[in-house]
Amino acid sequence: MALQELDLSDTAEECLDNCLEAMQACEWCADECLDEDEDMSRCIRLCRDVADLTTEHARFMARNSTYSDDLAATCADACEECAEECARHDHDHCQVCADVLEDCARTCREMAS
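Residues numbered from 1 in each chain as written. Predicted model: local features only at pLDDT ≥ 70, side-chain atom pairs only at ≥ 80, totals over all residues. Heavy atoms only, no water.

A. How the structure looks around the side chain of Thr54. Looking at where Thr54 falls in the secondary structure, it is placed in helix α2 (residues 41-62). Since its relative accessible area comes to 0%, Thr54 is described here as buried. Once residues lying within four places of it in the same chain are set aside, the contact partners of Thr54 are Cys19, Ala22, Met23, Cys75, Cys79 and Cys104. (Helix = DSSP H or I, 4+ residues; strand = E, 2+ residues; numbered from the N terminus. Buried < 20%, exposed > 50% of the residue type's maximum accessible area, 1.4 Å probe, protein only. Contact = heavy atoms within 4.5 Å.)

See the structure below:
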């Protein structure tokens with residue numbers, strides 16, 4: 001039996017996709033930061049928070065939760081803060097993560113409004 005397609009708006013579908021991509025980028029970035037010589041603890045912590053928040057938000061959207069819009073605002077805030085932190089570092093994984101998070105923050109902000 002195949003899963004039914006989700007009945008989401010185009011904005012919600014884009015946001016869900018961006019949340020899942022952000023989760024992947026943040027998990028990768030946090031893992032790569034562990035191998036850096038400099039103190040990357042803030043970057044790691046923010047990436048881990050965003051990975052959890054974006055995963056949860058994607059799950060809320062998938063089930064049409066009434067709390068999804070509230071979570072979207074928190075998710076956007078966290079994505080923006082993490083993107084700023086990642087952008088401060090020259091590492092490829094941080095730069096990629098920052099780019100992905102900017103898209104996620106934008107669509108989460110749209111969902112929250």
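B. Expanded view of the pattern of salt bridges. All told, the structure shown has eight salt bridges when counted by the stated rule. We note a salt bridge from Arg59 to Glu56, for which the minimum N-O separation is 3.4 Å. In this pair, Arg59 and Glu56 both sit in helix α2, three residues apart, roughly one turn of the helix. For Arg59, a relative accessible area of 47% translates into the label partly exposed. For Arg106, the salt bridge goes to Glu110, with nearest N and O atoms at 3.3 Å. You can see Arg106 and its partner Glu110 sitting in helix α4 (residues 92-112), four residues apart, about one turn around the helix. Since its relative accessible area comes to 37%, Arg106 is described here as partly exposed. Judged by relative accessible area, which is 35%, Glu110 ranks as partly exposed. (Salt bridge = Lys/Arg side-chain N within 4 Å of Asp/Glu carboxyl O.)

C. Representation of a negative patch on the surface within the structure. Taken together, the side chains of Asp7, Asp10, Glu13, Asp17, Glu21, Asp99, Glu102 and Asp103 make up a negatively charged region of the molecular surface. Counting residues per element, the ones that place at least two in the negative patch are α1 (10-33) and α4. Broken down by element, the negative patch gets its largest block of residues, four residues, from α1. As for its position among the elements, Asp99 is in helix α4. (Patch = residues over 30% accessible without salt bridge, like charges linked within 9 Å, V, L, I, M, F, W, Y side chains within 5 Å. Areas by Shrake-Rupley, 256 points an atom, 1.4 Å probe, with all protein chains shown as cover. Lys, Arg positive; Asp, Glu negative; His and termini not counted. Charge placed at Lys NZ, Arg CZ, Asp CG, Glu CD.)

D. Structural detail: α2. The terminal C-alpha atoms of α2, which comprises 22 residues, lie 32 Å apart, in line with the 32 Å expected from a rise of 1.5 Å per residue. Buried residues of α2: Cys43, Ile44, Leu46, Cys47, Val50, Ala51, Thr54, His57, Ala58, Phe60 and Met61, and no others. Buried residues in α2 make contact with α1, α3 (68-87) and α4. The first or second residue beyond α2 is Asn64, which carries a positive phi of 55°. (Expected span 1.5 Å × (residues − 1).)

E. Representation of the packing of α2 against α3. Two elements in contact, α2 and α3, have axes whose closest approach is 9 Å; the angle formed by their N-to-C orientations is 155°. Taken together, the axes of α2 and α3 lie roughly antiparallel to each other. Along this stretch, α2 crosses α3, giving a crossing that reads as left-handed. The residues of α3 that touch α2, namely those facing Arg42, Cys43, Leu46, Cys47, Val50, Leu53, Thr54, Glu56, His57, Phe60 and Met61, are Ser68, Leu71, Ala72, Thr74, Cys75, Ala78, Cys79, Glu81, Cys82, Glu85 and Cys86. Of the residues belonging to the contact of α2 with α3, the class tally is 14 nonpolar, four polar and four charged. (Axes fitted to C-alpha atoms, helices over the stretch in contact; angles between N-to-C directions. Parallel < 35°, antiparallel > 145°, perpendicular 65-115°, else oblique. Left-handed = near helix turned anticlockwise from the far one by under 90°. Nonpolar A, V, L, I, M, F, W, Y, C, P; charged D, E, K, R; others polar.)

Read these as spatial facts, not as claims about activity.
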